[in-house]
Every structure is written in structure tokens, then in C-alpha cells.
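Okay, here's what each chain looks like letter by letter:
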Amino acid sequence: MLSTKGKPFSFDRTDPNPSRSKPSLWNTILDVIVFLLTSLGYILQAIYYKIFGVPKKNLNGEIALVTGGGGGLGRLLALRLIKLGAKVVLWDINQEGLDESVKLIQSLGGLCRGYKVDISNKEEVYKYAKILMEDVGDVTLLFNNAGVVSGRALLDTPDHLIERSFNVNIIAHFWTTKAFLPAMLKHDHGHIVTIASLAGHVGISKLVDYCSSKFAAVGFDEALRLELEHIGAQGVFTTVICPYFIQSTGMFDDVNSRWVPTLDSNDVADKIIEGVQRNDKYVIIPGYLRLMLAIKWVFPWGCNSGFLRRLVPDAAPQHSMNPVSSTDCDNLTDTDGPPSTDNNNTTKASPLVVHRSLCTGERVL
């Protein structure tokens, strides 16, 4: 027996909380058996759905918020949502692109509102979240779509662009989710969609900041899903979207990709909406790259690095990237011209007119 400051100190390690005591051997065996049987049930369910298809939920009447809706993938998602009867709200930092998106979507009928919001600023997110709820209602479909990429080697990337990548690509997800999740939990109804990337599962040269932020986005979705399951929120779903490089969004139009073709933006938008309707947990695009992710941890690192270096020899934007100051960069924006449409108001996959800023290739999705 020892003492400190006159108080007896004992080496007795008995856990004062009996509920935290180690489970008995039989309890452990029973727990493992229950886990295996439950897992078997999920496997059989997955096989059934693979054969007969997954029932699709109706999105009519849902209130959908799409960040980065001023162009690119966000605009394509909004067009599909409005056709399915959802009320659509767009947030974007680019007022010109936002106005074009709203005008195009409203031409299809239905309700569409647009707000200029810098989602990296949490005060703006909370402010416009309140305005949105008062003007339109509680958001039931949240698409965390906005993203940026710098596309430079780590030591050549200015600090403010690294911070920008994280602020937009992942930190903003916390602000938007905290703003709209409470209402979803209250009504036990909602869906949070995280537009991540396959770069959230594998590293790519010259995309260190981008890959890191997308790895975080994948982890954000998985941890949030587990937390929702833990609290019993059966009506609130999450889906993480992990596509390969997408054409015609302005981010990776000129990426040097071998073996795997870059993706048509319209096809990606279709698969995202389909995944949301089926409450899919993961949407990997193209689907056959699931195999690559599954074997990533099986083969030696040399195999993985050799494959990735050959798959994407250079992910950096091929246009000129002149260095500018952080202040100058904040005063410049990227704008997309409106996508071409046919008589049925269906957006075609023709390249968007992209006016890039000089911000070392930074591009808002």
C-alpha cells in the first residue's frame, strides 16, 4: 500500500463498473454465432437483390439540396431530380453558373431555388440553411457534391489551395450535415449523399491534397452511417459515390488516363440517382473497379504502385497554371457555359465551355 498526498493508493485493479467486465467464454461464442448468422442473412439478401433487383424509392416531393449546383455534375443531378418530382435547391459560389442552372431546371417545371453560398464558411452554411428551411422546407436529400482540385505536386501546391481542398471537399460536409441532419432525425426520413471519388481509396501522384480530402470523405460517410445505425435512425440513409475521372465537369477533362476510359458525366449522374433510389451504401463507378479495391491489400505495394502509375501517368490539369497570390485567387472564379440540350431538355454529354482561373488549376465541381 502506497499513499499520495496522505491518501491511500491501492494496486487493486478490480473494474468498479461490472458492466465493463470481460464477457464469459459462452457469451463470446454466442455473440460470434449471432454475428455469423446475421452476416449470412445479409449475404443472401444481397444475392436476392442481385438476381431480382432492388426496389427503388420514390423521390417525388422530396426536398433536395445540391451543393456545387452551378454547373458540372451538380447541374446534371439537379436536372434528374426535378424530373423525378423533387423540389431542388442549388448552392454554389458562382452566381453566373447558378443562375444558368436555375433557369434551365425551372424550364422543366417544378420548384428550383438557387443561393450563392460559400460552403467552406460555416456561418454562411448555417445562415442559408435557416433561410432554405423557411423558404422551401426541411431538406430530405442532401447531395454534398461541391469539390475543388489543384492538381500539383505537393511541394508546388500553395498552402491556401491545400486548405481550400479540405475546406470544400470534406470540412463543409460537417457544416451541411449538422445543419440538416437534425430535421431528418426528427422525422426519421432523409438521405445524405457524399460525392467522393475513387481517389478516396487509392493515392494518385499530383493529387495528394485531393486524395487526402476524398479519403476523409469516404471515412466521413462510413462513420456517419455506423453512428446512424447505432442510434436507430432506420429512415435516414447515407450513400458514398466513388467515380473514376469524369468528363465534362471541368475538373479532370484533360487528365492523362490509360487502360480505364474517363466517364461520361451523364452516365455518372444516372448511376448516382439510381444508387440513391436503391439506398445503396456504396456506388463505385465503373463497377468493375470494385475488384481493384478488393485486391489492393492482397498484392505487394510494388504491384499497386506500378498499376496506379500506369493507369494515371499524369492527373494534373494540362492547361497553363500560373502562380498567383491567395488574394488574387479569391477574386477569380470558374464559369461553365450552359450544356447543350435536345428537344426533350435532356442534357447531352458535349463538353462544357470552361473558363479556367489562374488559381493553379483549382476547379469547382
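The following refers to the structure shown. (Residues numbered from 1 in each chain as written. Predicted model: local features only at pLDDT ≥ 70, side-chain atom pairs only at ≥ 80, totals over all residues. Heavy atoms only, no water.)

1. Regarding the packing of aromatic side chains
What describes a pair of aromatic rings is the distance from one ring centre to the other and the angle between the planes of the rings.
Turning to step 1, where the next piece is worked out: Enumeration over the complete set of coordinates arrives at 5 aromatic pairs.
Turning to step 2, where the next piece is worked out: Among the aromatic residues, those joined into a cluster by ring pairs are Tyr 48, Tyr 49 and Phe 52.
Turning to step 3, where the next piece is worked out: The positively charged end of Lys 122 is found above the aromatic ring belonging to Trp 175, 5.3 Å away from the centroid.
Turning to step 4, where the next piece is worked out: The side chain of Arg 225 reaches across the aromatic face of Tyr 282, ending 5.0 Å from its centre. (Phe/Tyr/Trp six-rings, centres within 6.5 Å; stacked < 30°, edge-to-face > 60°. Lys NZ or Arg CZ within 6 Å of the ring centre and 35° of its normal.)

2. Description of the pattern of salt bridges
Turning to step 1, where the next piece is worked out: Summed over the entire model, instances satisfying the criterion amount to 6 salt bridges.
Turning to step 2, where the next piece is worked out: One salt bridge in this structure joins Arg 225 and Asp 221, with 2.3 Å as the shortest N-O distance. On the criterion of helical spacing, the pair formed by Arg 225 and Asp 221 is a turn pair, its members being 4 residues apart in helix 6 (residues 208-230). An identical accessibility class is assigned to Arg 225 and Asp 221; each is buried.
Turning to step 3, where the next piece is worked out: Overlapping salt bridges, with partners in common, bring together Glu 274, Arg 278 and Asp 280 in one network. (Salt bridge = Lys/Arg side-chain N within 4 Å of Asp/Glu carboxyl O. Helix = DSSP H or I, 4+ residues; strand = E, 2+ residues; numbered from the N terminus. Buried < 20%, exposed > 50% of the residue type's maximum accessible area, 1.4 Å probe, protein only.)

3. Looking at the pairing of strand 6 (residues 141-144)
Turning to step 1, where the next piece is worked out: Both faces of strand 6 are covered, namely the face carrying Leu 141 and Phe 143 and the face carrying Leu 142 and Asn 144.
Turning to step 2, where the next piece is worked out: Relative to strand 6, strand 3 (residues 63-67) runs parallel, the two being bridged by 3 bridges. Residue pairing in the sheet places Leu 65 in a bridge with Leu 142 of strand 6. (Pairing = 2+ DSSP bridges.)

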